[in-house]
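Each chain, letter by letter, is given below.
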Amino acid sequence: MLKKLLEKNPYQLLATAAFVDLFILCICWEWFISPLRPGGSWLILKGVPLLFAIPGLWKGKVYTMQWASMLILLYITEGLVRILETGTNFWMAVLETVLATTGFVCLLIYLKPIKQKAKSLAMKKAQAD
């Protein structure tokens, strides 16, 4: 298990961890830390899209990483909007923004060499034709 973990790209691991942590944060925030309504709210469902991305991120699927990098922008935006709130919501929004930004940056760093390689292969193929 540890050997498989060490073989993975560190940016892939960080992005996956950021998505898992962001999911946990969303659930805890809207369920019992500081829900919009006492007893929780339907905003707890905002964490569900993250669940669809986590397995693909863990496996290193490029397509999943591409759409997940767009999905995570919604969480960055929500964190930046809710950072204007006070008390516990302020700190939850800061944490959400940090986790989402970390995940986004790690995905971009991981995908950059893959995209460059694909672009160079396409250029070589175009020149060969």
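Visitor: Sorry if this is basic, but what is going on with the overall build of the protein here?
Guide: Check the secondary structure of the protein and you find five helices and zero strands. Ordered by position from N to C terminus, the α and β elements of the protein give α-α-α-α-α. What you see for the protein is a C-alpha radius of gyration of 18 Å, clearly larger than the 14 Å of a compact globule of 129 residues, by over 25%. Seen through its C-alpha atoms, the protein measures out along the principal axes to roughly 65 × 35 × 20 Å. Across the 129 residues of the protein, 35% fall into the buried class. A separation threshold of at least 6 residues defines the contact pool for the protein, and within that pool the share at least 24 residues apart is 68%. With 14 positive and 7 negative side-chain charges, the protein shows a separation of 12 Å between the mean positions of the two kinds.

Visitor: What exactly am I supposed to notice about the nonpolar core here?
Guide: The nonpolar side chains of a soluble globular protein tend to be buried, and buried together. In terms of nonpolar packing, the biggest core is built from 25 residues, with F19, L22, L50, L57, I72, Y75 and L107 touching the most fellow members. Among the elements that make up this core, the one with the highest residue count is helix 5 (residues 88-128) (nine residues). Residue contacts for I72: discarding those within four places in its chain leaves F19, L22, L50, A100 and F104.

Criteria and thresholds
Residues numbered from 1 in each chain as written. Predicted model: local features only at pLDDT ≥ 70, side-chain atom pairs only at ≥ 80, totals over all residues. Heavy atoms only, no water. Helix = DSSP H or I, 4+ residues; strand = E, 2+ residues; numbered from the N terminus. Rg over C-alpha atoms; globule rule 2.2 N^0.38 Å. Buried < 20%, exposed > 50% of the residue type's maximum accessible area, 1.4 Å probe, protein only. Contact = heavy atoms within 4.5 Å. Lys, Arg positive; Asp, Glu negative; His and termini not counted. Charge placed at Lys NZ, Arg CZ, Asp CG, Glu CD. Core = buried A, V, L, I, M, F, W, Y, C linked by side-chain atoms within 4.5 Å.

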